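A structural walkthrough
Spelled out, the chains give:
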Amino acid sequence: MQSAKDAFVEYLANIASAIENEEGAMLAGCLKIDDPHTEVLRDVQRFVKHPETLVRNRLEDAWAELVNEHMRVLREYTTYVTLSADGGGNMEIDDTSRLPIVRAAESQNILAQNFHQIFQTQTRWCCPVLYAVNSDLRNLSLWADNALQERRSKPKYLEEAARTMNKAFSYCVTDRFSQLEKSRKWGTYHIVNLLFKTYFKLSQTNLCTNILRSIAAGDIPPLDEYPLADQVTFKYFTGILAFYNENYKLAEQELSFALVHCYKGHGKAGRKKAKKNIIMILNFLIPTRFILGILPQNALLERYPALHHLYGNFVLAIRRGDVKLYDDSLLNLQTELVNHGTYLTVERTRSLAVRMLFKRVWLANERSSRVPMSQFQRALHLSGTDESLEAVQCLLANMIDKGFLKGYLSYEREMVVLAKESAFPPVTVASI
């Protein structure tokens, strides 16, 4: 059986070989917190004397410091995992700086900063290491913040991690010395996606704008030349940003790309992850298409019960012109829609249900070009929504303004005068 020291020496030899031969994926594995080598290092901490000295004797200074910091991270992280498994992850520690997960996050931030100094002198081969180091930084910082919040302390580590990751982005996008095929620019979108994910978690989506400006100004390869996974994730986030900015046509375009090219998954775990990603995309794409006058098929909603729960009644209300059902669903699902980030958009699409109700009034009047306003008021009353005549006039005026209805209001006669052709144009040519 291999001794702990021999296993450690082999681990260091693998690192040295990966550096010498520029094997980024291999080196990334040697520096991740969830790689099999962590078992080796756990034994090293217990059975090998002065492992830091052994590291310095076998690796160049910058890399040696990186590995030693990685060992500090693993020591604290292993303690955190062990305590959590034993039910002591929330042990009473008055000084939050002594929490193992906090120490792990702090050490990982130091490790990331040290690696970034190395990275700016390297080429594309080192990108997998960049991804691994910064992904672990984000996760550990998030867990550390959770631990602080459990003790009613102010979270800070994820925000610090974002600042560190922003440096990684800069070192990617500003690489002007490497040949394009070896350039660090090929790491740009992977790090951007990690930053976006972090900014969204911190509710600092405004910072995404600065990143997008830097990408636009940077001389980097077109997005479609990057790995498809990076493209899909980037489109997902830019789609949500367009959604929040009420640029629904762009949102539909970006989110549709993400949906079509989303990883479909292999095996049970892969399919489960793929389904989760699809639901995340559809959560924004469905209300985006509401705005554009496109309703999802029932089969799609039935395939994803969570989405059917959120949006099924709204689709039904729009198709029926059932304003009461729409209003009741909006009230009952308000908290959930707010949590999913789609409440305001769904609220705006109430006008689609009103449009359908008013269209039914017009059809009941045999498509007459003149319909009394009182009939629209009566229709709202029968649907369970009582509005004054003045409020109905406002609704009708807004529908004419948005292009849902062609015609004009005759206030003297309290009549709606409708166009003889296309009195109710398709919603896709109107605007909400």
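This text gives an overview of the structure that appears in the document. (Residues numbered from 1 in each chain as written. Predicted model: local features only at pLDDT ≥ 70, side-chain atom pairs only at ≥ 80, totals over all residues. Heavy atoms only, no water.)

Re the overall build of the protein
Where we set the bar: Numbered from the N terminus, helices here are DSSP runs of H or I no shorter than four residues, and strands are runs of E no shorter than two. Every radius of gyration here is taken over C-alpha atoms, with the globule rule written as 2.2 Å times N^0.38, N being the number of residues. Summary of the burial criterion: residues with accessible area below 20% of their type's maximum are buried, those above 50% are exposed, and those between are partly exposed, where the area comes from a 1.4 Å probe applied to protein chains only. In this description, contact between two residues means that some pair of their heavy atoms is separated by no more than 4.5 Å. Here, Shrake-Rupley sampling with a 1.4 Å probe gives the accessible areas, and only protein chains in the shown set may cover a residue.
When you go through the protein residue by residue, the secondary structure sums to 21 helices and 3 strands. In terms of C-alpha radius of gyration, the protein reaches 29 Å, well past the compact-globule figure of 22 Å for 432 residues. With the C-alpha coordinates of the protein rotated into their principal frame, the extents come out at 95 × 55 × 40 Å. A buried classification covers 47% of the 432 residues belonging to the protein. For the protein, long-range pairs separated by at least 24 residues make up 63% of all intrachain contacts whose partners lie at least 6 apart in sequence. As displayed, the protein has an accessible area near 22300 Å², and 49% of this comes from carbon and sulfur atoms.

A look at the state of the cysteines
The bond known as a disulfide is covalent and runs between the sulfur atoms of two cysteines. Definition in use: Here, the term disulfide refers to a pair of cysteine sulfur atoms separated by no more than 2.5 Å.
Going through the model one piece at a time under the given rule, you end up with 0 disulfides. We note that Cys172 lacks a disulfide partner, and the nearest cysteine sulfur, in Cys127, lies 5.4 Å from it.

Observations concerning a positive patch on the surface
Quick note on the threshold: Exposure above 30% relative accessible area and no salt bridge define the residues that can form patches, which grow by joining like charges within 9 Å and nonpolar side chains of Val, Leu, Ile, Met, Phe, Trp and Tyr within 5 Å. For this analysis, a salt bridge means a side-chain nitrogen from Lys or Arg found within 4 Å of a carboxyl oxygen belonging to Asp or Glu. Within this scheme the basic residues Lys and Arg register as positive and the acidic residues Asp and Glu register as negative, but His and the chain ends are omitted. The atom standing in for a charge is NZ when the residue is Lys, CZ when it is Arg, CG when it is Asp and CD when it is Glu.
Positive charge collects at one region of the surface, where Lys197, Lys268, Lys272, Lys273 and Lys276 lie side by side. The biggest single contributor to the positive patch is helix 13 (residues 267-291), with 4 residues. Locating Lys273 in the fold gives a position in helix 13. Residue classification places Lys273 among the exposed residues on the basis of a relative accessible area of 55%.

Some words on the sheet that holds strand 2 (residues 407-410)
The line we're drawing: By this definition, two strands are paired if DSSP reports at least two bridges between them. In this description, a line fitted to the C-alpha atoms serves as the axis of each element, helices being fitted only across the stretch in contact, and the angle between N-to-C directions of two axes falls anywhere from 0 to 180 degrees.
Across the sheet, which stays open at both edges, the 3 strands sit in the order 1-3-2 with antiparallel pairing between neighbours. Of all the strands in the sheet, the pair left with one neighbour each is strand 1 (370-372) and strand 2. Strand-to-strand twist of the sheet, defined as the mean angle between neighbouring strand axes without regard to direction, takes the value 20 degrees. Relative to strand 3 (residues 415-418), strand 1 is paired through 3 bridges, and the arrangement is antiparallel.

Brief notes about the layout of surface pockets
To be explicit about the condition: Grid points spaced at 1 Å over the protein atoms alone were grouped into cavities, where a 1.4 Å probe fits but cannot get out, and pockets, open sets with protein on both sides within 12 Å along at least five of seven lines, with lining residues defined by an atom within 4 Å of a point. Grid points are joined across faces, edges and corners, and a volume is the space filled by probe spheres set on the points. Classification convention: Asp, Glu, Lys, Arg as charged; Ala, Val, Leu, Ile, Met, Phe, Trp, Tyr, Cys, Pro as nonpolar; all other residues, Gly among them, as polar.
Of the volumes computed, that of the largest pocket is approximately 1200 Å³. Forming the walls of the largest pocket are 25 residues, and the residues nearest its centre are Lys197, Thr233, Phe237, Asn277 and Met280. Among the elements that take part in the lining of the largest pocket, helix 11 (residues 228-244) stands out by supplying 8 residues, more than any other. Residue composition of the lining of the largest pocket, by class: 13 nonpolar, 7 polar and 5 charged. For the second largest pocket, the calculated volume is near 280 Å³. Looking at the second largest pocket, it is lined by 16 residues, and the ones nearest its centre are Met280, Asn283, Phe284, Asn339 and His340.

Here we look at the pattern of salt bridges
Per the counting criterion, the structure on display carries 12 salt bridges. Arg72 serves as the salt-bridge partner of Glu69, at 2.7 Å between the closest nitrogen and oxygen. In this pair, Glu69 and Arg72 are both assigned in helix 5 (residues 61-85), 3 residues apart and thus about one turn of the helix distant. Using a relative accessible area of 6% as the deciding quantity, one classes Glu69 as buried. The partner of Lys235 in a salt bridge is Glu254, and the shortest N-O contact between them spans 3.0 Å. Placement of Lys235 in helix 11 and of Glu254 in helix 12 (residues 248-261) is noted, with a sequence separation of 19 residues between them. Using a relative accessible area of 8% as the deciding quantity, one classes Glu254 as buried.

Considering the environment of Val102
Examined against the element boundaries, Val102 turns out to sit in helix 6 (residues 100-119). Residue Val102 is classed as buried on the basis of its relative accessible area, which comes to 0%.

Some remarks on the environment of Leu148
In this fold, Leu148 is placed in helix 7 (residues 127-150). A relative accessible area of 3% means that Leu148 is categorised as buried. Placed 104 residues apart in sequence, Leu148 and Glu252 show a C-alpha to C-alpha distance of 38 Å.

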